[in-house]
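Residue-level listing of the chains:
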Amino acid sequence: GDHPPITPMMAVTEYELQGGDSWRLYNLVTRHFLASLSPDCIFAVTKVTFQIGKEAFTATGRHTLSPGFTAVLTAHRKEDSHLPNIKIGDEVPIEKVELRSGKTAPPPYLSESELISLMEKNGIGTDASIPTHINNVCERRYCKLDPGRHMVPTDLGIVLAQGYMRIDPELVLPEVRARIERDINEIAEGRATKEQVICESLQAFKKKFNYFVQCIERMDTLFEASFSPLASSGKPFTKCGKTHRYLKLIPTRPARLYNPITEEIYNLPQGGVIKQYKSLQCPLCNFELLMYTVGERTYPLCPFCYNEATETTNAPSLPPPSMTKPADEGADVKSTQQASPEESNKVELEPEPLTNKQKQRMQRQQQQNDVA
């Protein structure tokens, strides 16, 4: 790492430190330091597969061959669990059969250490900057640390992330930040110039900013549903195909459905009447269908498919890494031609063609209208 570990400088006894917290702290630091210099713990694992009737079961045993660092750091030591000496084809008596029932539990929130590991895996930040990033999201109240050092997202953080996902998912995913880190490394290693990276990054993010401003109303409706009295006044109306919980209908213009669990918004067509429709489910996404009446015509409406067809994002993407031209070997990096300020500020927003997935969603929506 970038920082040296805390190193014990001399050996002392508990009596010399007069016990208490001083001795416990010294004991912890010294044991961790010695464990970091000790060999690995080596153990053998035995796995036995056996069959009862038509059901297959497994049993696992563990035997320590060399304690290694666990001889010093006893808190990490695991007890051995021995299996009897058996071989293939042996029959063993069944002492007890027990049938248990239970419920699955959702995974816990990411711990601070797990978040750091994921940031390192995705190339976000360095050893020196990662703590600053985590502190920033906590100070801005996007997340909070609970007593167990878990990162708990706040309502503000959830709504903000959902809003970015509705407009430009790249701004939420780790790829954008990791891309910037890679470009900086390219500059440090001489494979790209500072001017090239700055020019390309500014153009790409200017396009993203302009697109975001054009679609900001998607973020506004989400914040209004989450932080205004409308969120508490909405009534349960139809079931979500993702969470299987009821979505709230917010009837004020623009009419929309709100999921208080995932902080998602599903816009509804305006100018008509929305009613419940026999609790029938959409065969594509399992959302409950609604009945939409406009004038004298009535259509079945799936909230999810309607939003997927009408709210497709055409957010501009960052240029691929290959667009950053490496400097020629042996050439002076500073001699690379730079774009003029006038050329750097020219950004053309062109409509991007629909992807195959977006075309399929629109075709499914058209088929539903034809059936109606």
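It should be emphasised that the depicted structure is a prediction, and the values quoted were computed from it without experimental measurement.

J.: For this particular structure, what's the right way to read the sheet that holds strand 11 (residues 297-301)?
T.: Two pairing modes exist for strands in a sheet, parallel and antiparallel, and in both the strands are linked by backbone hydrogen bonds. Taken in spatial order, the three strands make up an open sheet running 9-10-11, and their pairing is antiparallel. The outermost strands of the open sheet, each flanked by one partner alone, are strand 9 (273-281) and strand 11. With strand direction ignored, the average angle separating the axes of adjacent strands in the sheet is 25°. Pairing geometry for strand 10 (residues 288-294) and strand 11, over five bridges, is antiparallel. Bridging across to strand 11, Leu-290 finds its partner in Leu-301.

J.: Teacher, can you tell me more about the environment of Ala-35 here?
T.: Relative to the helices and strands, Ala-35 is located in helix 1 (residues 20-36). What makes Ala-35 buried here is its relative accessible area of 10%. Note: C-alpha distance between Ala-35 and Val-72 (37 residues apart in sequence) is 6.0 Å.

J.: Would you explain helix 6 (residues 194-214) in this entry?
T.: The α-helix advances 3.6 residues per turn, and as a result positions three or four apart in sequence lie on the same side. For helix 6, which comprises 21 residues, the first-to-last C-alpha distance of 30 Å matches the rise-based estimate of 30 Å (1.5 Å per residue) to within 8%. Taken residue by residue, helix 6 has Gln-196, Val-197, Cys-199, Ser-201, Ala-204, Lys-208, Tyr-211 and Phe-212 as its buried positions.

J.: Even after reading the chapter, I still don't get unusual backbone geometry, so can you show me in this structure?
T.: When glycine is set aside, most residues are seen to have a negative phi, and most peptide bonds are trans. Phi angles above zero are rare outside glycine, and Gln-18 is one such case at about 60°. Tracing the backbone through its elements, the reader meets Gln-18 in the segment before helix 1. Within the chain, Arg-149 stands out as a residue other than glycine whose phi angle is a positive 65°. What makes Arg-149 partly exposed here is its relative accessible area of 44%.

Calculation notes
- In this convention, every chain numbers its residues from 1, walking through the sequence in written order.
- Since the coordinates come from a predicted model, pLDDT governs what is reported: local features require at least 70, and pairs of side-chain atoms require 80 or more to be given and counted, while whole-chain, interface and lining totals use all residues.
- Water and hydrogen atoms play no part in the side-chain values, which are based on all heavy atoms of the structure.
- Here, a strand pair is defined by DSSP locating no fewer than two bridges between the strands.
- Secondary structure elements follow DSSP: runs of H or I no shorter than four residues count as helices, runs of E no shorter than two count as strands, and numbering proceeds from the N terminus.
- For helices, the fitted axis covers only the stretch in contact; all axes are lines through C-alpha atoms, and the angles between them, taken along N-to-C directions, range from 0 to 180 degrees.
- Residue exposure (1.4 Å probe, protein chains only): buried if accessible area is under 20% of the type maximum, exposed if over 50%, otherwise partly exposed.
- Working rule for helices: expected span equals 1.5 Å times residues minus one.

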